[in-house]
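# What the coordinates show
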Amino acid sequence: MSNLSDLLPSGAGGKSFDFVASGTLANGQAVGLTSDGKVAAISAQVSSNVEFAPRADYIWSAYDTQNNKVIVGYIEAATNNNLEVVVGTVSGGTITFGTVTEPDGTNTHSSLFAVLYDSSQNKVVTVSAGTGGDSVPGYVFVGTVSGTSITWGSKLTFTSAYISDAGACFDATSNKVIIVWKDGNNSDYGTSIVGTTSGNSMSFGSNVVFNSASASDNAVIHDPSKNRLCLAYRTGAGPGHARVGIVSGTSITWGNTYTFDSSSAIDPRWAYDSTNQLPVLVWQAAGAGSVGKVTAGVIHSSLNYFDSFYNSTTFSSGSVIIVPPTFYTSQGKTAVLYREMSSNSLILKLVTYVAGETFPMSVGSAVTINPASGQGSNYASAVYDPDAQVVVNNFRNTQDGNKGNTNLFDANATTSSSFVGITEAAISNTATGAVTLQGGVYTGGNLLPYAPSFGTASEFSAANTTKTAVAFDSSNNKIVVVYNNPSDSLYGTAIVGTVSGSSITYGSPFRLRTSSINYPTVTFDSTANKVNIVFTNDLNSNRLECMTGTISGTSISAASPILVNGSNGATYVSSAFDVNANRLVICWVNTSNSSYGTAAVGTYNSGTGQQGFGSPVVFNSGTTSACAAVYDSNSNKVVTAYQDSGNSGHGTAIVGTVSGTSISFGSEAVFESANSFLMAGTFDSNANKAVFTYQSGSKGKAVVGTVSGTSISFGSSVNFDESSASLMSNSFDTSSNKVVICFQDTANSNVGTAVFGTVSGTSISFAASSAFVGGGITSNISTTFDSNVNKTIVTFVDGSDSTKGKALTITESNALTIGSTYYVQDDGTLGTGSTSIVAGEALSATSINLVNT
């Protein structure tokens, strides 16, 4: 090498090649090579969750091959433990559900053991248990799918004994339904029965005992290549056993016992590998640290027993709870689903049988299906949809109010392992376009997903600060922070901040009250160029007060406080300034009036320098909490969201119209039919939408509202935090047209976290979130947007630094860090998180040297 230019590949900036696009590709998109020589976006493999039930226990699923439908059965534990079944249709990367059906009306069921599809009769079959103290009968229902609903036959009892630990399968050779269970009225013996479907009914043969001792965790599957049944069960608290069975007429003959785990096998579950014609078995090896194990059984070519089982492979590093697996036919792999006990995450791994190996079960990498998924093996199930070629995962989501959720795992999606380069421009589907290949230098934007970028936190108050609120004064280009000052007996205080670049400096504090304050909120009156500070006075029974402040340089002064609601108490205070009416609107919960949601309108008096308020107006005649008021500059209305505790805590919003010193309200609109609290709101002036965030079912959610006249309508809610979000505050960044949400991430040590959202139509999507505090509890979060420097300002109490009051700037950035190594992530983005695929090293904020790997 004689020249520096030899360091680079030949050509201009880097090596380039033209490819045909499979799907529409964006500029700067990481792409992988498909099997037919095209390039496709490297994409996420797990779809968004779709709800199928308000609460679901004992979840089982099957696939109807005649109607190409997914069938999900469960016990609906939110009301009366009814057995319910719903039909799902997979299309376009998501699933939709039809009408919920109840095979048994109002009868209470204690558990569901199986949902099957009888392909000989094209019927859906459920196997469940009733209730009855010492006599819990076993029930079967047979149903016919029509469209997206099911018509059910009568309840059929196959045993009146105390049934538990049951399993079932469809034998496609004999065209029979096989049920196995632990018979509580016969010394817990392992028992089996054969059912014959006819129309929407079924007849049964006689009981056949397969184990004359206790048999738990019974599971059965049919091997069509050998025309045999494969049975697995556990004796007492110990060994795991397997047997082979043959159906003859309405009876079963079971062969010799094979012990596949001599210690303790919990929840053994089968899948059938149709590619290699092997029954695959997974279980929790309780005698080996409760790790998950997988193996495959070898059935004798002509006799009725297992010759052997292959050496098992451990597929988890820690303890697990097993979920019934399914076979991913188009991949030729078994999809093993389990709950990882250390994180409570629902995990999926693909297992491949490799012939000739000492340990032939090859386990793929982990894919997180959901961060939390229920309590046991009966709280999730997976089924393969051969039409869409995806695995359908159904589970109880403990992070979303124990709702029944479904998502799709698509292993056919292009993954990071196929990475070849980055598109040089957008390419339409089936069109040809240039891709910078590995070994070349790519220059352009959009290499990284947008994420929050933070300035250095500055301290405005000493240790043990409480209650912060912040607003931006656009006439003076200053921020105003309100808080309880630990350096002044925790008295209510205001201070002026000046933002320069990414740093903030402060003037001298100004005492508001000789008492602490609660529920502070700050708004800017752009007509009078005043700051309105509203709070409840802790010294005087939490009465609601308002002070009007004037900024001069780096100082603030304020007129005497005005009572907003007489001497009555208040909580959950929120305020907004109506620019059209030049009025301050305050919303609160009136604790002196049955906790009704209440509002009042303030008018600034230049003579007194104070606000004067009209009579309070009730907007919700019921117990109210968590108010959040937003001014909609498109409709010139004030929108208030709140938790309607008088209506099961549902998230609700209402539109207010200011006239003079009063306000009138339209009709209530429910945006979340579940318990919703910790409201926050902002107005997206680019999309002309009101955006509210809240916590429901421990998840942080956002919803987009459109005002029309005196009404508001909402799109579907979107999770901005999949684990748990609290103490949230929102603002709108007019420079990037993004909604900025700051919140306490209670699933991550309660650290302060920020995320950017983009409104499109009636929905909102989110980039990756980032913590703005290194560690420790972050509380009293408040945000505003400084349009002078085009940055969001967040104030907070820093629990990692003696609970000092601090503030910092937030902007959105997707710049590369020069010198950093970036890796191709499974969702197609680049990141510094290490994966097996190195993209390259950043040469500038917008260019990267794509290394050859």
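A short tour of the structure in this document, coming up. Computed from a predicted model, the values in this text were never measured in an experiment.

### As for the pairing of strand β55 (residues 610-613)
As judged from the 4 bridges shared by strand β54 (residues 596-605) and β55, these two strands associate in the antiparallel manner. Looking across to β55, one finds that N605 is bridged to Q610. Here β54 hands over to β55 after 4 residues, with G609 in that stretch at a positive phi of 70 degrees.

### Description of the sheet that holds strand β38 (residues 432-437)
In spatial order, the strands read β1-β38-β37-β2-β3; together these 5 strands make up an open sheet with antiparallel pairing. Every interior strand has two partners, whereas the edge strands, β1 (16-20) and β3 (39-41), have only one. For this sheet, the mean inter-axis angle between neighbouring strands, taken without regard to orientation, is 50 degrees. Sheet analysis places β1 next to β38, joined by 5 bridges and oriented antiparallel. When the sheet's bridge partners are listed, F17 is paired in β38 with V435.

### Some thoughts on the side chain of S111
Among the structural elements, S111 can be located in strand β9 (residues 111-118). A relative accessible area of 7% places S111 in the buried class. Residues in contact with S111, not counting those within four places in the same chain, are Y58, I75, S128 and A129.

### Some thoughts on the sheet that holds strand β35 (residues 390-397)
Neighbouring strands of a sheet are bound in pairs by backbone hydrogen bonds; such pairs are parallel or else antiparallel. A sheet is described by the order of its strands in space; here 4 strands give the open sequence β4-β36-β35-β34, paired in antiparallel fashion. A strand with exactly one partner marks an edge of an open sheet, and here the two such strands are β4 (50-53) and β34 (380-385). Sheet twist, expressed as the average angle between the axes of neighbouring strands with direction ignored, equals 30 degrees. Note that β34 and β35 share 6 bridges and pair antiparallel. Each bridged residue has a counterpart across the sheet, and for V383 the counterpart in β35 is V392.

### Quick notes on the packing of aromatic side chains
For the structure on display, the rule yields 29 aromatic pairs. Consider the rings of Y328 and F409, whose centres lie 6.1 Å apart with planes at 80 degrees: the pair is edge-to-face. Placement of the pair is Y328 in strand β29 (residues 320-328) and F409 in strand β36 (residues 403-409), with a sequence separation of 81 residues. Like Y328, the residue F409 is buried in the burial classification. Through pairs of rings, three or more aromatic residues link up here, namely Y258, F260, W270, W283, F306 and F309. Above the plane of the ring of Y139 lies K155, whose end atom (NZ or CZ) is 4.6 Å from the centre.

The rules behind the values
- Going along each chain's sequence as written, the residues are numbered from 1 onward.
- With pLDDT at 70 or above as the cut-off, local features in this predicted model cover only qualifying residues; side-chain atom pairs require 80 or more to be listed or tallied, and sums for whole chains, interfaces and linings still use all residues.
- As a convention, hydrogens and water are excluded, and side-chain values are obtained from all of the structure's heavy atoms.
- When DSSP locates at least two bridges between a pair of strands, those strands are taken to pair.
- Numbering of helices and strands runs from the N terminus; a helix is a DSSP stretch of H or I covering at least four residues, while a strand is a stretch of E covering at least two.
- Each axis is a line fitted through C-alpha atoms, and for a helix only the stretch in contact is used; angles between axes span 0 to 180 degrees, taken between their N-to-C directions.
- Remark: exposure states derive from per-residue accessible area (1.4 Å probe, protein chains only) relative to the maximum for the residue type, with buried under 20%, exposed over 50%, and partly exposed in between.
- In what follows, residue pairs with any heavy atoms lying within 4.5 Å of each other are defined as contacts.
- Aromatic rings from Phe, Tyr and Trp, taking only the six-membered ring of Trp, are treated as a pair when their centres fall within 6.5 Å; an angle between ring planes under 30 degrees marks them as stacked, one over 60 as edge-to-face, and anything in between as tilted.
- Only when the NZ of Lys or the CZ of Arg is both within 6 Å of the ring centre and within 35 degrees of the ring normal is a charge said to sit over the ring.

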